[in-house]
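So you can see what is in the structure, the chains are spelled out below.
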Amino acid sequence: GTHTLAANRHILMAKAAGINWVRLHDAGTEYIGWYHLERKPGDWTFRDREIERYRQHGMKILGAFSTAPEWASTIEKKHQPYFDRYYEPKSMSDFANYVKTVAKHYKNSIDAYDVWNEPWIPQFWHAAYDAGRGGAAENYVYSEDPEGHYARLVRTAYKAAKSVDKHITVLGVNTSANDAKWTRAMLEKDGLKDCDAVCYHHYTTGFAGGPGDVIEEGWKQAIGPLAADGKLSKPVWMSEGSPTAGFIGSGFYRHTLPVSDNEDVMDTSDRLCRYIVALLGQGVEKVFLYSMHCHSHFGVKNDWRTLVTDDGYLHPCAAAHSALAWLLEDTKFVRRVRVAEGVMAYLFDGRERAVAVLSPAPNHAPFALPH
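Read on for an overview of the structure. (Residues numbered from 1 in each chain as written. Predicted model: local features only at pLDDT ≥ 70, side-chain atom pairs only at ≥ 80, totals over all residues. Heavy atoms only, no water.)

1. Quick look at the sheet that holds strand β8 (residues 236-242)
Pairing in this open sheet of seven strands is parallel, and the strands run β1-β2-β3-β6-β7-β8-β9 from one edge to the other. Each edge of the open sheet carries a strand with a single partner, namely β1 (21-23) and β9 (284-289). For this sheet, the mean angle separating the axes of adjacent strands, direction not counted, is 30°. Relative to strand β6 (residues 169-176), strand β3 (residues 112-115) is paired through two bridges, and the arrangement is parallel. Counterpart to tyrosine 113 in the pairing with β6 is valine 170. With respect to the sheet, helix α5 (residues 92-105) is in contact with β2 (60-65) and β3, its orientation differing from that of β2 by roughly 165°. In this fold helix α8 (residues 214-222) packs onto β6, β7 (197-203), β8 and β9, with an angle of close to 135° to the strand it touches most, β7. (Pairing = 2+ DSSP bridges. Helix = DSSP H or I, 4+ residues; strand = E, 2+ residues; numbered from the N terminus. Axes fitted to C-alpha atoms, helices over the stretch in contact; angles between N-to-C directions. Contact = heavy atoms within 4.5 Å.)

2. Some words on helix α6 (residues 146-164)
Over its 19 residues, α6 runs 27 Å from end to end, which matches the ideal 27 Å to within 8%, given 1.5 Å per residue. Of all 19 residues in α6, 15 are buried; the element is thus mostly enclosed. (Expected span 1.5 Å × (residues − 1). Buried < 20%, exposed > 50% of the residue type's maximum accessible area, 1.4 Å probe, protein only.)

3. Points about unusual backbone geometry
Residue serine 291 is bonded to the preceding tyrosine 290 through a cis peptide linkage, with omega at -5°. Of note, serine 291 is situated in the loop between β9 and α10 (316-328). Although it is not a glycine, aspartate 330 adopts a positive phi angle of roughly 65°. With respect to the helices and strands, the residue aspartate 330 is situated in the loop between α10 and β10 (331-340). By relative accessible area, which is 65% here, aspartate 330 ends up exposed.

4. Let's talk about a nonpolar patch on the surface
Side chains of Val339, Leu358 and Leu369 sit close together on the surface and give an oily, nonpolar patch of about 250 Å² of accessible area. Relative to the helices and strands, valine 339 resides in strand β10. (Patch = residues over 30% accessible without salt bridge, like charges linked within 9 Å, V, L, I, M, F, W, Y side chains within 5 Å. Areas by Shrake-Rupley, 256 points an atom, 1.4 Å probe, with all protein chains shown as cover. Salt bridge = Lys/Arg side-chain N within 4 Å of Asp/Glu carboxyl O.)

5. What about the layout of surface pockets?
Within this model, the largest pocket holds a volume of roughly 800 Å³. If you go around the largest pocket, you meet 24 residues; those closest to its centre are Leu280, Glu285, Lys286, Leu328 and Glu329. Elements with a minimum of two residues in the lining of the largest pocket: α9 (265-282), β9, α10 and β10. Top element by residues in the lining of the largest pocket is β9. It accounts for six residues. (1 Å grid on protein atoms, 1.4 Å probe; cavity = no way out; pocket = protein on both sides within 12 Å on 5 of 7 lines; lining within 4 Å. Points joined across faces, edges and corners; volume = space filled by probe spheres on them.)

Next up, the structure:
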């Protein structure tokens, strides 16, 4: 999966890169977020054409029950247009009505939903604004019980969505790699009960692809506290993340731009593939890369952009992703084995084939394939 707007060009590029899911956050919040859909009580504005465009191209959609219109939130005064949309809802019954309305309206188009975005950060889950804290984004502050309030929000969304369609998948816990504190709090609030799958986010520039790597450590922090006896009762989706933040440059452009670009596209591609394989090897069921809509102009390596270059067209790492997806599609991760000193193999099994992904340690000497 990835994040991309409902533009024909970008959906087709995502499909070419082997991507079949889209998550509606930032690139798509305006299609699904409460703030945008019900600006006045009872006055609904749906973006059906955009939602249908994803489906026409064969994209599955991870919707998001998120944001709150001003009339329904705890906002007192406007400060920052983006984060002002993430004030806590004042009424859970109003939020439940939003969930039911959206779930019913898109019953034949969307069957999976995230609940909010990154509630472990006050900017995305706040109840007040303190201008004396020193920064526009940092000035947003939690309620007296952010974990409890969020657990109540997920519980409300879960019950409301299931009342429309019991087969809808609702994500919960919503935590982050290296944030065991939030995960434990969700567990204490009984948050694992009110969801069909657990989601977390993981951004990293570290090495992925072996024992004790950043993926394994991030999993231990984000998911570990939920696993009784090392086993988790529900599937896990990594609903937002990237290993290429700040790495992706101008791609094939080498001699035609008035800016220098020293990117090693093979390294970028390798990082991307290692990251995805390591997540699958850890037990993650779905991976959503962020984001294909963050292109701006040449010479600026956007910290959030993935798969595309500065002009919004596919970066060479998208070809690597496509090859990886082609080989691993319809397979399941089986186990990880050491095939040589410093070389791990991730083994995947499918109905008609098996695939071994070899993952040497950093700076490992060239490894000759056994045959």
